Amino acid sequence: MQINDELMQKSERTVLGLQQMYLDAGYAPYRMSKFEEYDLYADNKDFLISDNVITFTDTSGRLMALKPDVTLSIVKNLGDRPDEVQKVFYRENVYRVSRGTGSYKEMLQAGLECIGKVGRAELLEVIRLAAQSLAQISARSVLALSSLDVIEEAMAGETNAAEARGRVFSALGDRNYSALRSVCSEYGFSSESAELLCALAEVHGTVSETLPTLRSLFADSSCASLGAFILTLDSIAESEFSAAVDVDFSVVCDPGYYCGIVFKGYVHGIPDAVLSGGQYDRLMHRMQRRSRAVGFAVYADMLERIGDGGEEQGRLPGDYLNIALPKGRLGEKIYAMFARAGYECPSICEQNRKLFFENPEKHVRYFWVKPSDVAIYVERGAADIGVCGKDILAEYEPDVYELLDTGEGRCRMAVAGPRDFSYTPGTTLRVATKFYSVAKRYYLSRGIDIDIIHLNGSIEIAPLLGLSDVIVDIVETGATLRENDLEVKQEIFDISARLIANKSAYKFGREAIDDIIAKLSEMTREKRNEK
C-alpha cells in the first residue's frame, strides 16, 4: 500500500526516515509506556530539561507521571548487561513545559541509545549517526562536540567548591571569556589550569582546524583526558562525516550525569539545538547500573519550523547578519562603535520610518528594539547578534553567548535604602525592584527571607513611602539616592553593555561575528588605555 506523504507532517516524515536509518545501522525499535512512577523523575530532576512533570494517582494509589524524558525510562527498564552491547532506537512523545507558552506540550522525539560494553567504536558510530541525522534534516547543519572529561581534568585539584565548578561550566557555555578568567582568579586556580581552560574556551572550528591547537595544548599540559579526546578526533578526521563535525567547548552538560564526549546539533536558521546527546555513564552509576552508555535525541517538534529550502520559515531574505540595537543613547553609542569598526549604514541616521537598515556590501542589517527586548530577539533567532545590558542578561538568563563587554553604559546593580535603615537578622526584608530574579537569587544566596514588591518604575520612592525597606536597582552616579537621603547598602554586580549572539547563528556565522568581535575588542582596549 502506497502512503501519501501529504498525510504526514514534515516532522513525522523526517522521523520516519531517521527510524529507517537507525534500523539499517543495527538498532532495534524500543517501545515503552507513556507513564512511569514519579519517583524516577523526582530522583533525577537535574537530568531533565525541565523539572515540571505532569503527575496523577493511578487506581492502585501510586503516584505516576506522564513521561517527560525517554532515556531515563530506557535505562530503568532495559536490563543491565555490561558485557554486551544493546542498541535501541525510539520514537516517543514526551510531555514538557513549552518555553514559548509556559504551558505543557506534547512533543515528538526520536533518538537512540547504545548501552552496555561501549567503547570507542560504539561512540564513533553514535557520533556518525548523529551527524547523519542532522544531514537528513538539512544540508546546512553542524554537530558541535566537546569533552567534559577534559574540562573536569583541567579543574582537578584546583577546587572542590561546587559553585566554582558550576561557574566555570556556565562561563564556558556562555562563551564568556572574561567571566571564566574572573572565576579562575577568584578561586585561585593555578596558572597552568587557568591557561588551559581559557585556551579550551577559544577552541572552535572543524576537527581538522582544531586538532593542531589541541595537540599543542596537550604537549604543554599533563591532561590525559585531552590525549584521549584527540585520539577520538583523529578517528573522526579520517571518517566520511568529519566535515559535519565541529569542536566547541561551549557545548556543556550537567557533569553530575554526563561524562566524556557530549554534543549538540544545529540547523542553519533554527535558533536552538535540534539534537542533543553524549556519554552518560554517571547517570548509569546513579541508577546503580554497571553498563556504560551513549545516545542522543532529535527534537522533532522543532523541525516544523524548517521550510522546504531548509531554512526557518519567516526569516528575512538574504545572507545578512541581523543585528539588534537598543533604542536610546546607549544604542546610538553602540552603533557608532560598529560604524567605526567598518560596519556603517548611513540610512540608519536618516529621518525616516524604516524598520530595517541594510548595508549590502557588508552584509549587515540593523534594527532598533526596546533595550529589554534585545535578548529575546537574539535568543529566538530573529537577530543573530545584539547588544544589551548585563542587568537584562542577569534578570532573564537568556540562552545566548555573551561574547564581549563593550564597556559602554557602565553602572551598578545595588541594594539601596534609607541611611538610618539597618536589617534585623531573622526578620522578613521588604524589597522593591523591577529585577525580581536578581533580587531573589541575591538574598537566597545569603539566607535572608524577603518579600519582593515588583515595580516597573519610580523604584527609589518605595522606601520613602514605607512600601519597602530597601530597593534593588541600577545605580549610575548615585545622585538621586543622595538627594533623597538614600544610600547604597551593598553592590551586587557591575553592569555594562554586552555583545551577545544566538548560539546557532554563531555556529554558522562564526567568521563574520568573530571579525566584528575582534574589531570591537580592539576599540574597547584602546578606550581603556586612554583612561
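Use the structure listed above.
To start, this report covers the structure provided alongside it. Quick caveat: nothing in here was measured; it's all calculated off a predicted structure.

About the thresholds
- Residues numbered from 1 in each chain as written.
- Predicted model: local features only at pLDDT ≥ 70, side-chain atom pairs only at ≥ 80, totals over all residues.
- Heavy atoms only, no water.
- Helix = DSSP H or I, 4+ residues; strand = E, 2+ residues; numbered from the N terminus.
- Rg over C-alpha atoms; globule rule 2.2 N^0.38 Å.
- Buried < 20%, exposed > 50% of the residue type's maximum accessible area, 1.4 Å probe, protein only.
- Areas by Shrake-Rupley, 256 points an atom, 1.4 Å probe, with all protein chains shown as cover.
- Lys, Arg positive; Asp, Glu negative; His and termini not counted.
- Charge placed at Lys NZ, Arg CZ, Asp CG, Glu CD.
- Axes fitted to C-alpha atoms, helices over the stretch in contact; angles between N-to-C directions.
- Parallel < 35°, antiparallel > 145°, perpendicular 65-115°, else oblique.
- Left-handed = near helix turned anticlockwise from the far one by under 90°.
- Contact = heavy atoms within 4.5 Å.
- Nonpolar A, V, L, I, M, F, W, Y, C, P; charged D, E, K, R; others polar.
- Pairing = 2+ DSSP bridges.
- Patch = residues over 30% accessible without salt bridge, like charges linked within 9 Å, V, L, I, M, F, W, Y side chains within 5 Å.
- Salt bridge = Lys/Arg side-chain N within 4 Å of Asp/Glu carboxyl O.

**As for the overall build of the protein chain**
Helix and strand counts for the protein chain come out as 19 helices and 23 strands. A globule of 531 residues ought to have a C-alpha radius of gyration of about 24 Å, and the protein chain, at 25 Å, matches this closely. Judged by the C-alpha coordinates and their principal axes, the protein chain covers about 75 × 60 × 55 Å. Scored against the burial criterion, the 531 residues of the protein chain give a buried share of 52%. For the protein chain, the computed accessible surface area is about 25,000 Å², with 47% contributed by carbon and sulfur atoms. Counting 61 positive and 79 negative side-chain charges, the protein chain places the averaged centre of each group 2 Å from the other.

**Re the packing of helix 9 (residues 207–219) against helix 10 (residues 224–237)**
Taken N-terminus to C-terminus, the directions of helix 9 and helix 10 make an angle of 155 degrees; their axes are 10 Å apart at the nearest point. The pairing of helix 9 with helix 10 is recorded here as roughly antiparallel in orientation. Seen along the crossing, helix 9 lies across helix 10 with a hand that is left-handed. In this structure, helix 9 uses Val-207, Leu-211, Leu-214, Arg-215, Leu-217 and Phe-218 to contact helix 10, whose residues at the interface are Ala-224, Leu-226, Gly-227, Phe-229, Ile-230, Leu-233, Asp-234, Ile-236 and Ala-237. Of the residues that constitute the contact of helix 9 with helix 10, the class distribution is twelve nonpolar, one polar and two charged.

**Overview of the side chain of Thr-14**
Locating Thr-14 in the fold gives a position in helix 1 (residues 10–24). Relative accessible area serves as the criterion here: at 12%, Thr-14 is assigned to the buried category. Excluding residues that lie within four positions of it along the chain, Thr-14 makes contacts with Gln-136, Ile-137 and Leu-303.

**Some remarks on the sheet that holds strand 17 (residues 400–405)**
Read across the open sheet, the six strands follow the order 14-15-13-16-23-17; overall the sheet is mixed. In the strand order of this sheet, the two ends are held by strand 14 (357–359) and strand 17, each with one partner. Put simply, the sheet's adjacent strands are angled 25 degrees from each other on average, direction ignored. Strand direction decides the pairing type here: strand 14 and strand 15 (residues 364–369), joined by three bridges, are antiparallel. Each residue of the ladder has a partner; that of Phe-357, found in strand 15, is Tyr-366. On top of the sheet, helix 19 (residues 510–530) reaches strand 13 (321–326), strand 16 (385–389), strand 17 and strand 23 (497–502); it is set at about 30 degrees to strand 17, its chief contact.

**Notes on a nonpolar patch on the surface**
Residues Ile-461, Leu-464 and Leu-465 make up a contiguous nonpolar surface patch of roughly 300 Å² in combined accessible area. In this structure, Leu-465 sits in the loop between helix 16 (461–464) and strand 21 (470–475). Relative accessible area serves as the criterion here: at 66%, Leu-465 is assigned to the exposed category.

**Thoughts on the sheet that holds strand 18 (residues 411–418)**
With mixed pairing, five strands are arranged side by side in an open sheet as 20-19-21-18-22. Two strands in the sheet have a free side with no partner beyond their single neighbour: strand 20 (450–454) and strand 22 (486–495). Pairwise comparison of adjacent strand axes, ignoring direction, gives a mean angle of 25 degrees for this sheet. Examined bridge by bridge, strand 19 (residues 429–433) and strand 21 share three bridges and lie parallel to one another. If you follow Ala-432 over to strand 21, its bridge partner there is Ile-471.

**Side note on unusual backbone geometry**
Positive phi, normally seen in glycine, also occurs at Gln-288, with a value near 60 degrees. Following the sequence through the fold, Gln-288 ends up in the loop between helix 11 (281–286) and strand 12 (292–299). Of note, the phi angle at Asp-485 is positive, near 60 degrees, even though the residue is not glycine. Structurally, Asp-485 can be placed in the loop between helix 17 (479–483) and strand 22.

**Some words on the pairing of strand 7 (residues 141–147)**
Moving residue by residue along a regular strand, the side chains alternate between the two faces of the sheet. Across the seven residues of strand 7, seven count as buried, placing the element largely inside the fold. Both strand 7 and strand 9 (residues 245–248) contribute to a ladder of three bridges, which runs parallel. When the bridges of strand 9 are listed, Ala-144 appears paired with Asp-246.

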